[in-house]
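# Examination of the molecular architecture
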Amino acid sequence: MSRRLATAALGLAAALLLPRSGAAQSPELTLEDALALARQRAPALVDAAGRVEEAAGPVAGAASLLRDNPTVELEAGPRRLSDGSRGLDLSVGLVQPLELGGKQGARRASARAGLAHETSQRKDTERRVLGEVASIFLRALHARARLALAREAEASALSTSQSTQRRFEAGDVPVVDVNVARVALARARAAVAGAEADAASLLHLLRALLGLGLARPLDVRGELRTLAVPPVTPPADGTVRPDLQALEAELAQARAELRLGRSAAWPDVEVGVRYQREVDESAILGTLGVPLPLFSRGEEARVTGEARVRRLQAALDAARATLEVYVEAARVQHHKRVEALELLEREALPLLADNESLARRSYDAGEMGLAEFLLVRRDTLEARSDYLDSLLEAALARVQLAVETGALP
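All of the points below concern the structure found in this document. The model shown is predicted, which means the values in this text are computed figures rather than measured ones. (Residues numbered from 1 in each chain as written. Predicted model: local features only at pLDDT ≥ 70, side-chain atom pairs only at ≥ 80, totals over all residues. Heavy atoms only, no water.)

On to the overall build of the chain, then. Looking only at helices and strands, the chain features ten helices and six strands. Relative to the 2.2 N^0.38 estimate, which gives 22 Å for 409 residues, the radius of gyration of the chain is 37 Å and therefore markedly larger than a compact globule would have. Overall, the C-alpha framework of the chain stretches about 140 × 45 × 35 Å when taken along its three principal axes. In the chain, the share of contacts with a sequence separation of at least 24, taken over all contacts with a separation of at least 6, comes to 81%. Roughly 23,100 Å² of accessible area belongs to the chain as shown, and the carbon and sulfur atoms make up 56% of that amount. One finds the centroid of the 53 positive side-chain charges in the chain at a distance of 1 Å from the centroid of its 56 negative side-chain charges. (Helix = DSSP H or I, 4+ residues; strand = E, 2+ residues; numbered from the N terminus. Rg over C-alpha atoms; globule rule 2.2 N^0.38 Å. Contact = heavy atoms within 4.5 Å. Areas by Shrake-Rupley, 256 points an atom, 1.4 Å probe, with all protein chains shown as cover. Lys, Arg positive; Asp, Glu negative; His and termini not counted. Charge placed at Lys NZ, Arg CZ, Asp CG, Glu CD.)

See below:
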């Protein structure tokens with residue numbers, strides 16, 4: 001018996017989810033296709049990749065041996081001697097600024113941490129974008145199934161309206177039944193129009209997320225149940241989720257910048273060599289310039305850096321503490337949604353087709369009034385609609401669990 005019920009449930013799901021024969025065919029994407037396309041074209045991921053490339057600039061700049069270039073100084077001018085003759089004074093110097101206190105090392109560490117932060121941010125952006133793409137994809141599948149159900153309800157309402165008209169002409173039913181059947185048909189047609197709007201809107205939203213223009217045809221292909229029920233397997237390598245990696249890298253960058261601020265108490269020096277000639281005398285001199293840190297000693301950088309380190313450390317601790325909570329909440333949600341879905345498949349779906357068929361035969365035979373028949377049909381449609389909604393909720397819960405665990409393909 002359980003096998004027959006499962007077969008009936010799967011048959012009904014396939015009837016609801018598969019497109020009608022004869023419908024216009026357009027390029028269709030599976031969920032895997034949509035995720036692969038998102039990795040290539042999603043505007044948010046393109047922007048995140050560009051930020052990673054930008055973050056490589058400071059790393060390249062900090063890789064040089066010294067931060068500042070040497071400076072060549074040239075002085076020249078005439079000199080009038082006491083005997084009235086003229087001479088030439090000439091001075092040529094080469095000065096190289098040098099950073100002390102580990103400033104260059106701190107700057108390199110900050111640049112590398114900045115690159116690591118943007119790289120992790122790109123990975124986290126991919127995690128969130130893929131989750132959004134998967135959710136919209138599932139909603140588009142659901143909207144297509146709802147549209148198929150609405151069209152089926154429209155066809156049933158049309159058949160009922162025609163049958164009621166024939167019975168009225170035969171004098172079997174009053175005119176009020178004809179009006180009620182026509183109202184039901186109008187409502188069914190309006191529901192089809194609304195379902196078409198939802199399906200088209202979600203496809204356009206998916207198109208925007210994937211960075212596709214209107215010129216490219218787009219449709220979705222898949223079965224909600226297949227995408228809703230399988231368990232989610234977290235990554236086996238135990239990789240830290242990229243949003244935590246981004247926070248760790250940002251904290252490392254803040255610590256490096258704090259070291260840079262503290263090293264401002266050490267003055268930068270300038271060393272050089274100078275050749276100097278006065279008339280017929282010349283000399284080679286070594287030079288040393290040392291600024292006196294009397295007024296500015298990096299106070300702003302130290303205070304700001306210490307506050308930033310404390311803030312980021314607190315944010316990282318909070319994110320680590322709540323990660324397992326969010327994962328467990330998503331796991332429970334998916335488990336219960338699948339449980340509700342299987343309950344409908346086991347106890348409700350096998351009865352729906354029989355109920356509607358029996359009610360229609362009773363109405364055609366005059367054993368059931370129109371109001372009773374419409375009530376049975378409405379309950380049947382609502383139950384099938386609830387089943388589709390349950391499929392969507394279970395599939396969305398599975399996507400959320402995959403996003404929280406980083407298990408999206």
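From this point, the discussion proceeds with the structure in view.
Moving on: the sheet that holds strand β2 (residues 71-80). Taken together, the four strands give an open sheet; going across it, the order is β2-β3-β5-β6, and neighbouring strands pair in antiparallel fashion. Edge positions in the open sheet fall to β2 and β6 (281-289), since each of these has one partner strand only. For this sheet, the mean angle separating the axes of adjacent strands, direction not counted, is 15 degrees. Strand direction decides the pairing type here: β2 and strand β3 (residues 86-98), joined by ten bridges, are antiparallel. The residue bridging V72 from the neighbouring strand is L94, located in β3. (Pairing = 2+ DSSP bridges. Axes fitted to C-alpha atoms, helices over the stretch in contact; angles between N-to-C directions.)

With that settled, the discussion passes to the packing of helix α8 (residues 299-347) against helix α10 (residues 370-405). Contact geometry for α8 and α10: axes closest at 8 Å, N-to-C directions at 155 degrees. Classified by the angle their axes make, α8 and α10 are roughly antiparallel. Of the two elements, α8 crosses α10, and the hand of that crossing is left-handed. Within the contact of α8 with α10, the residues separate by chemical class into 13 nonpolar, five polar and seven charged. (Parallel < 35°, antiparallel > 145°, perpendicular 65-115°, else oblique. Left-handed = near helix turned anticlockwise from the far one by under 90°. Nonpolar A, V, L, I, M, F, W, Y, C, P; charged D, E, K, R; others polar.)

This next bit is on a nonpolar patch on the surface. Among the surface-exposed residues, V72, L74, V92, L94, V273, Y275 and I284 lie close enough to one another that they form a single nonpolar patch of about 660 Å² accessible area. At the level of secondary structure, the elements contributing two or more residues to the nonpolar patch comprise β2, β3 and β5 (269-278). Relative to the assigned elements, V273 resides in strand β5. Its relative accessible area of 43% is what places V273 among the partly exposed residues. (Patch = residues over 30% accessible without salt bridge, like charges linked within 9 Å, V, L, I, M, F, W, Y side chains within 5 Å. Salt bridge = Lys/Arg side-chain N within 4 Å of Asp/Glu carboxyl O. Buried < 20%, exposed > 50% of the residue type's maximum accessible area, 1.4 Å probe, protein only.)

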